Amino acid sequence: MEPQTSQKSLLAAIVAAGVSAWLLWRRRRWRRLPPGSSWSLPLLGETLAYIRDPLGFIEGKLSQYGGTCSSHLLFSPTVILAVTDANTKLLFSEKNLAWPLHFRKLVGLKSLPMVNDPLHKTIRTLSSRAFVDRQLDSYLPCLQRLSAKHLQLWLDVEGRTSRDLHLEIKKYAFECGEAVILGVENGGPKSDRFMQLFEETFKGLGYVLPLDIPGFPFHQCMKAREALVQEFQDLIEKKRKKLKDPCRMFQINTMLDTMLQADEMNGEDELSDFCVAMMFAGHDTTLCSIQSCLYWLKELPSVEALLRQEVREVWDGESRVTRRILDSAHQTRAFLQEVWRMTPPVQVTSRKLREDTEVDGYVVPKGWTLLYAPAGRHSKAEDCKSFLIQRHLRDGKFIDSTFDPTYFASFGGGNRMCIGYKFARDELLVFLLHFLRDFDVKLTNSQLQRFPFHFWRLEGTVHRADG
Ligand code: HEM
């Protein structure tokens, strides 16, 4: 044999051996993956079915495969976790969130929910200062004032019929966010413009072709975001000037003030992303929660009567709402927790795997997304489909389940757990106190929304409560 021919044969044999080894490795690896559908769209996978009804999709998959299974969602290979203690522990020990790139672009590439350590740790530590108990107490008067103001505004004007309560409540939730997160009380056209820009921007979460190219709808969302950032940069500039002015008595009492004071957070992108992300996370979730609360109150008249009586006993309707008053409304707190269990505004939590990991006997490769939805049919709660406030009460006292993520995971867990859950709870309780004491609602339409948030969207009229 010619030396040249023998060299070629050797090379061919090495390549063939390499390819076979790779194919074998791949087959073994895929054989150890959780089961999943054999067919799905390229790139999109089963995203279309998922965004129509995330919780329903997950419930269906877990039932179909009898537990942990795989799919391809939001541009990423994904494992849907069975709801078990071990999987909960695994999920919440992972530190990196798994949002698709277009979510990150909309919320902010340098914002708390979208960054990973070490920047995550820095921003989280700084932001946490705005949620310590003393700070939370200092927000109560503002929440009280805004609840009273907006409920009064919603009172049905003579001659006006049913209206979109979603829009009215959005104004309230947005103003609470503006006041406490940014330290501004715009109201009127300025708030309306901000809200419109947020609405335009976050429509992009539901787009399946998130291309930031002129002519594509997603490009409009990114344009709206740019306008929003411009507004926030102006605000940041004004606040900076105020902070430098020694003649002005300036109290550091909003989240933005805290960030402006921190040396670690001086980048313009980080600050404007902070405003976009916090306002987004901080107002849409409470907007959804308020509507779901009103829905459940009207579904359950006996619970409503019980809560109205409790609120009359704990608060006179005029004095300043304090932490003591909020803490003593045990049944109202149990009701709110049950609303969040039955209708969690954020239905799923997800993490990106940092390394190949064994899950329920399968091996899930590094970089895959873990998706977990403990609400709904797979919840660990007894008789989980029934709305029962008693499950959150023992001897008449409220039991807080925020940190039991297999049973109640509305705020997630681990080091990415919702940073604003205490503030959200205060905002909802102050609102419920005002509503249950003096107001009532007649619902003319209610529709369950499923994406991006899960809640009852309402139409109706608000009026004064009898007696
Ligand atoms: C009912 C209201 C709310 C619900 C249901 C909710 C739910 C959640 C959930 C499920 C997560 C992800 C947790 C995880 O992956 O483990 C999250 C994260 C987050 N939430 Fe909330 N949230 C609410 C209100 C708020 C408010 C009022 C704020 C701010 C003022 C806020 C700020 C954030 C931030 C910044 C993150 C990201 C935390 C991180 O990555 O470190 N949320 N929230």
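Residues numbered from 1 in each chain as written. Predicted model: local features only at pLDDT ≥ 70, side-chain atom pairs only at ≥ 80, totals over all residues. Heavy atoms only, no water.

## A few points about the pattern of salt bridges
Applying the stated rule across the entire model yields 28 salt bridges. Notably, a salt bridge pairs E168 with R163, separated by 3.6 Å at the nearest N-O pair. When its relative accessible area of 16% is taken as the criterion, E168 is described as buried. Here D327 and R333 are joined by a salt bridge, their closest N and O atoms 3.0 Å apart. We classify D327 as partly exposed; its relative accessible area is 35%. Overlapping salt bridges, with partners in common, bring together K298, E304, R308 and D440 in one network. (Salt bridge = Lys/Arg side-chain N within 4 Å of Asp/Glu carboxyl O. Buried < 20%, exposed > 50% of the residue type's maximum accessible area, 1.4 Å probe, protein only.)

## Some remarks on the coordination of the iron atom of the ligand
From the protein, the iron atom of the ligand takes a single donor atom, C418 (SG), 2.3 Å away. Tracing the backbone shows C418 in the loop between β9 (397–398) and α16 (421–438). (Donors = N, O, S within 2.8 Å, 3.2 Å for Na, K, Ca; no water. Helix = DSSP H or I, 4+ residues; strand = E, 2+ residues; numbered from the N terminus.)

## With respect to the packing of aromatic side chains
All chains considered together, the criterion is met by 21 aromatic pairs. Consider the rings of W296 and F387, whose centres lie 4.7 Å apart with planes at 35°: the pair is tilted. You can see W296 sitting in helix α12 (residues 268–299) and its partner F387 sitting in the loop between β7 (369–372) and β8 (393–394), a full 91 residues away along the chain. Grouping residues by exposure puts W296 and F387 together as buried. (Phe/Tyr/Trp six-rings, centres within 6.5 Å; stacked < 30°, edge-to-face > 60°.)

## Regarding the UniProt feature "binding site: heme" (unreviewed entry) in the chain
Per the UniProt record, "binding site: heme" (unreviewed entry) is found at C418. Using a relative accessible area of 31% as the deciding quantity, one classes C418 as partly exposed. Dropping the residues within four chain positions of it, C418 is found in contact with R124 and F411. (UniProt positions renumbered as here; feature names shortened; annotations may be inferred. Contact = heavy atoms within 4.5 Å.)

## Here we look at the site of the ligand
Residues in contact with the ligand amount to 30 residues; listed here are only the nearest, H120, R124, R351, R416 and C418. With respect to the ligand, the side chain of R351 contributes an N or O atom lying 2.8 Å from an oxygen atom. Sorting the residues of the shell around the ligand by element identifies α6 (119–128), α12, β4 (349–352) and α16 as the ones contributing at least two each. Looking at the shell around the ligand element by element, the count peaks at 5 residues for α12. (Near = heavy atom within 4 Å. Polar contact = N/O pair within 3.5 Å; in protein donor to acceptor, adjacent residues only side chain to side chain.)

## A look at the packing of helix α15 (residues 330–342) against α16
Interhelical geometry of α15 versus α16 gives an angle of 120° and a closest axis separation of 11 Å. One finds that α15 runs oblique with respect to α16. Between α15 and α16 lies a crossing of right-handed hand. Where α15 abuts α16, its residues T332, R333, F335, L336 and W340 lie against A424, R425, L428, L429, L432 and L436. A breakdown of the residues in the contact of α15 with α16 according to their chemical character gives 8 nonpolar, 1 polar and 2 charged. (Axes fitted to C-alpha atoms, helices over the stretch in contact; angles between N-to-C directions. Parallel < 35°, antiparallel > 145°, perpendicular 65-115°, else oblique. Left-handed = near helix turned anticlockwise from the far one by under 90°. Nonpolar A, V, L, I, M, F, W, Y, C, P; charged D, E, K, R; others polar.)

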